[in-house]
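Take a look at the letters that make up each chain.
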Amino acid sequence: MAPSTPLLTVRGSEGLYMVNGPPHFTESTVFPRESGKNCKVYTFSKDGTLFAWGNGEKINVTNVTNKGLLHSFDLPKVVCLEFSPKNTVLATWQPYTTSKDGTAGIPNLQLYDIKTGTCLKSFIQKKMQNWCPSWSEDETVCARNVNNEVHFFENNNLNTIANKLHLQKINDFVLSPGPQPYKVAVYVPGSKGAPSFVRLYQYPNFDGPHAALANKSFFKADKVTMLWNKKATAVLVIASTDVDKTGASYYGEQTLHYIATNGESAVVQLPKNGPIYDVVWNSSSTEFCAVYGFMPAKATIFNLKCDPVFDFGTGPRNAAYYSPHGHILVLAGFGNLRGQMEVWDVKNYKLISKPVASDSTYFAWCPDGEHILTATCAPRLRVNNGFKIWHYTGSVLHKYDVPSNAELWQVSWQPFLDGIFPTKTISYQAVPSDVPNEEPKAATAYRPPALRNKPNTNSKLHEEEPPQNMKPQPGNDKPLSKTALKNQRKHEAKKAAKQEARSDKSPPDLAPTPAAQSSAQNTISQSTSGNPEVDKKIKNLKKKLKAIEQLKEQATAGKQLEKNQLEKIQKEKALLQELEDLELGI
């Protein structure tokens, strides 16, 4: 019987050991601590019952449930391990080497039978990237990318190639999750002016001009990331170029494409320019979240029509993580950001908590859908190594800091199959904890000595946009249908045209919107200086400010603004200042 809570595996300079999950957090007796610094790799099976690790001399396989050592393989140089989905095969990979005389090296990818411990098959696999064969969930199909082809084996008979998928030069492939019929997404990079493309096939129907279920081609792609949803009905493709030819970003350039197995495909229109940091599917397979745009980054949930469902506004974030049950979403800023997390209830689009996990290099949801693991690991960061276990409501339940002379290399949860842990009702009240939450103090901006005794202007480099449910909504907060939105835009356009015509005939006396009232109340007023030139400038400035207010109203109503219109809105502050200066001179 599996343990009631997932174990936590910890690997570092203090050795390899396991910790009991919440609420105990004591060192587990299931796995005796492996001391020393020689452990380079470990992995769990998909259901969490088997555990394999390397200690620098052997690869050992143990059964976590009954604490029994199953096998030891004499493989001191292995750096990658993987179990097949039904625990039938253990795949091991070590760096490929050639002999001094230039002759071909020995096979470095081994596949072992877990029951007998015998080697089923050995392959030469030179690259570490995509080293492991891909299995279907029932292991009836196994696939490898070999010499720009995809080779398929059936029922773990690895000596006979059952099928081949051959195109010009297949660079990458991803086998679909879930039950039969199995599908495969393949990527072929462009060459000699031809575009790159991703195609979806259903196994084993690969031949003929109409064999592909769907096809999507694009020119801007040096590499792609392909993400199947859980139900294997659609693939998201992040196409990336190494260099942004416009010079706007050192990240290169990214585009997001949607391809469905029914043949539909689309480019996902992202409302903010800039890199795509992260894209994740919800486990429901009906929506996905994208984090994108120059900092502060935007985050949006899209449906299967690639229409935005909810906009989280902007913030310091570069990653998104759905909980295993898909009912909670964490938006976070890790790496070169300060570790701010936003935990959202995605059924009601309500913010649950905003904890801060400073200096984190790793994040993972616990399979129970309630707890979160954050860690600071070497070599990404060699100071302040350690890990924390949180409740999603923001409470730190357990904290471990590695001693200053030691390092933490890897930490992860024991996996469990779907359905083991039931979905629980979301709580908004922080759970009690004995661990003090040391909330880092917000860093204050540097102020030169001459300004330190003067009032703070509270100026910001970037104004952050609030989430959709916190924006001022006229009347109903429910999202409008496409027809209603179209009619509303027409109405707004007519209204704007009438106001423009009225402002040309007589001085504007319309009340500004609540958002503008606070900033422009004192500056936008009717006044004359007696100087025709100054009066003309004031009138023109007011006209521009009025147009900006109308654009802001249209944006609030859901209208997609053009780039030049957004640039106009950004000039509002400067125009207000200019108007104030002119009127003060009156």
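Presented here is an overview of the structure given in this document. Note that the structure is a prediction, hence the values are computed from the model and not measured.

## With respect to the overall build of the chain
Moving on, step 1. Along the chain, the regular secondary structure elements total 5 helices and 35 strands.
Moving on, step 2. Residues counted as buried form 45% of the 586 residues belonging to the chain.
Moving on, step 3. Accessible surface, the chain: about 31800 Å² in total, of which carbon and sulfur atoms supply 52%.

## Thoughts on helix H3 (residues 532-556)
Moving on, step 1. Here H3 contains 25 residues, and its C-alpha end-to-end distance of 36 Å stays within 8% of the 36 Å for a straight helix at 1.5 Å per residue.
Moving on, step 2. Of the residues making up H3, those classed as buried are Val534, Ile538, Leu541, Lys542, Leu545, Lys546, Ile548, Glu549, Gln550, Leu551 and Gln554.
Moving on, step 3. A positive backbone phi angle near 105° is found at glycine 558, which sits one or two residues after H3.

## A few points about the pattern of salt bridges
Moving on, step 1. Under the criterion given, the structure shown has 10 salt bridges.
Moving on, step 2. The partner of lysine 164 in a salt bridge is glutamate 149, and the shortest N-O contact between them spans 3.9 Å. With a gap of 15 residues between them, lysine 164 in strand S14 (residues 163-166) and glutamate 149 in strand S13 (residues 149-154) connect regions that are remote in the sequence.
Moving on, step 3. Of the residues examined, lysine 164 reaches a relative accessible area of 44% and is grouped as partly exposed.
Moving on, step 4. Residue classification places glutamate 149 among the buried residues on the basis of a relative accessible area of 16%.

## Let's talk about the sheet that holds strand S26 (residues 308-315)
Moving on, step 1. Taken in spatial order, the 4 strands line up as S23-S24-S25-S26 in an open sheet, and their pairing is antiparallel. Edge positions in the open sheet fall to strand S23 (276-281) and S26, since each of these has one partner strand only. Shown here is a sheet whose adjacent strand axes are inclined to one another by a mean of 15°, direction ignored.
Moving on, step 2. Here strand S25 (residues 297-303) runs beside S26; their pairing, made up of 5 bridges, is antiparallel. Across the sheet, the residue bridging to alanine 297 is glycine 315, located in S26.

## Re the pairing of strand S7 (residues 80-83)
Moving on, step 1. With 4 bridges connecting them, S7 and strand S8 (residues 89-93) associate as antiparallel partners. In the sheet register, cysteine 80 faces S8, and the bridge partner there is tryptophan 93.
Moving on, step 2. The turn linking S7 back onto S8 is made up of 5 residues, and asparagine 87 within it adopts a positive phi angle of 60°.

## Observations concerning the packing of aromatic side chains
Moving on, step 1. Applying the stated criterion to the full structure yields 21 aromatic pairs.
Moving on, step 2. Here the aromatic rings of phenylalanine 31 and phenylalanine 51 are separated by 5.2 Å at their centres, their planes lie at 75°, and the arrangement is edge-to-face. In this pair, phenylalanine 31 sits in the loop between strand S2 (15-19) and strand S3 (41-44) while phenylalanine 51 sits in strand S4 (residues 50-54), placing the two residues 20 residues apart along the sequence. In this structure, phenylalanine 31 and phenylalanine 51 share a single accessibility class: buried.
Moving on, step 3. Taking the relative accessible area as the measure of exposure, phenylalanine 51 reaches 0% and is therefore buried.
Moving on, step 4. Ring pairs connect the aromatic residues Phe31, Tyr42, Phe44, Phe51 and Trp53, which therefore count as one cluster.
Moving on, step 5. Taking NZ or CZ as reference, arginine 144 lies 4.1 Å from the ring centre of phenylalanine 123, over its face.

## Overview of the sheet that holds strand S17 (residues 196-202)
Moving on, step 1. Spatial strand order, S15-S16-S17-S18: 4 strands in an open sheet with antiparallel pairing. The open sheet is flanked by strand S15 (172-175) and strand S18 (214-218), the only strands paired with a single partner. Within the sheet, the average angular offset between the axes of one strand and its neighbour, ignoring direction, is 15°.

## Comments concerning the environment of alanine 162
Moving on, step 1. Considering the arrangement of structural elements, one finds alanine 162 in the loop between S13 and S14.
Moving on, step 2. Sequence spacing of alanine 162 and phenylalanine 152 is 10 residues, and the spatial spacing of their C-alpha atoms is 5.7 Å.

## Regarding unusual backbone geometry
Moving on, step 1. Of the consecutive residues glutamine 180 and proline 181, the connecting peptide bond is found in the cis state with omega at -5°.
Moving on, step 2. Residue placement: proline 181 occurs in the loop between S15 and strand S16 (183-188).
Moving on, step 3. In this model, asparagine 155 sits at a positive phi of 55°, which is unusual for a non-glycine residue.
Moving on, step 4. Within the secondary structure, asparagine 155 is located in the loop between S13 and S14.
Moving on, step 5. Judged by its relative accessible area of 58%, asparagine 155 falls in the exposed class.
Moving on, step 6. Backbone geometry at alanine 232 places phi at a positive 60°, although glycine is not the residue there.
Moving on, step 7. By the secondary structure assignment, alanine 232 is in the loop between strand S19 (223-228) and strand S20 (234-241).

## Notes on the pairing of S13
Moving on, step 1. In terms of burial, S13 is largely enclosed, as 5 of its 6 residues are buried.
Moving on, step 2. For strand S12 (residues 141-146) and S13, the ladder comprises 6 bridges, and the chain directions are antiparallel. Note that in S13 the partner of asparagine 145 across the bridge is valine 150.
Moving on, step 3. Here S12 hands over to S13 after 2 residues, with asparagine 147 in that stretch at a positive phi of 50°.
Moving on, step 4. Of the strand pairs in this sheet, S13 and S14 are connected by 4 bridges, and their pairing is antiparallel. From the neighbouring strand, valine 150 faces S14, where its bridge partner is leucine 165.

Cut-offs used in this document
Residues numbered from 1 in each chain as written. Predicted model: local features only at pLDDT ≥ 70, side-chain atom pairs only at ≥ 80, totals over all residues. Heavy atoms only, no water. Helix = DSSP H or I, 4+ residues; strand = E, 2+ residues; numbered from the N terminus. Buried < 20%, exposed > 50% of the residue type's maximum accessible area, 1.4 Å probe, protein only. Areas by Shrake-Rupley, 256 points an atom, 1.4 Å probe, with all protein chains shown as cover. Expected span 1.5 Å × (residues − 1). Salt bridge = Lys/Arg side-chain N within 4 Å of Asp/Glu carboxyl O. Pairing = 2+ DSSP bridges. Axes fitted to C-alpha atoms, helices over the stretch in contact; angles between N-to-C directions. Phe/Tyr/Trp six-rings, centres within 6.5 Å; stacked < 30°, edge-to-face > 60°. Lys NZ or Arg CZ within 6 Å of the ring centre and 35° of its normal.

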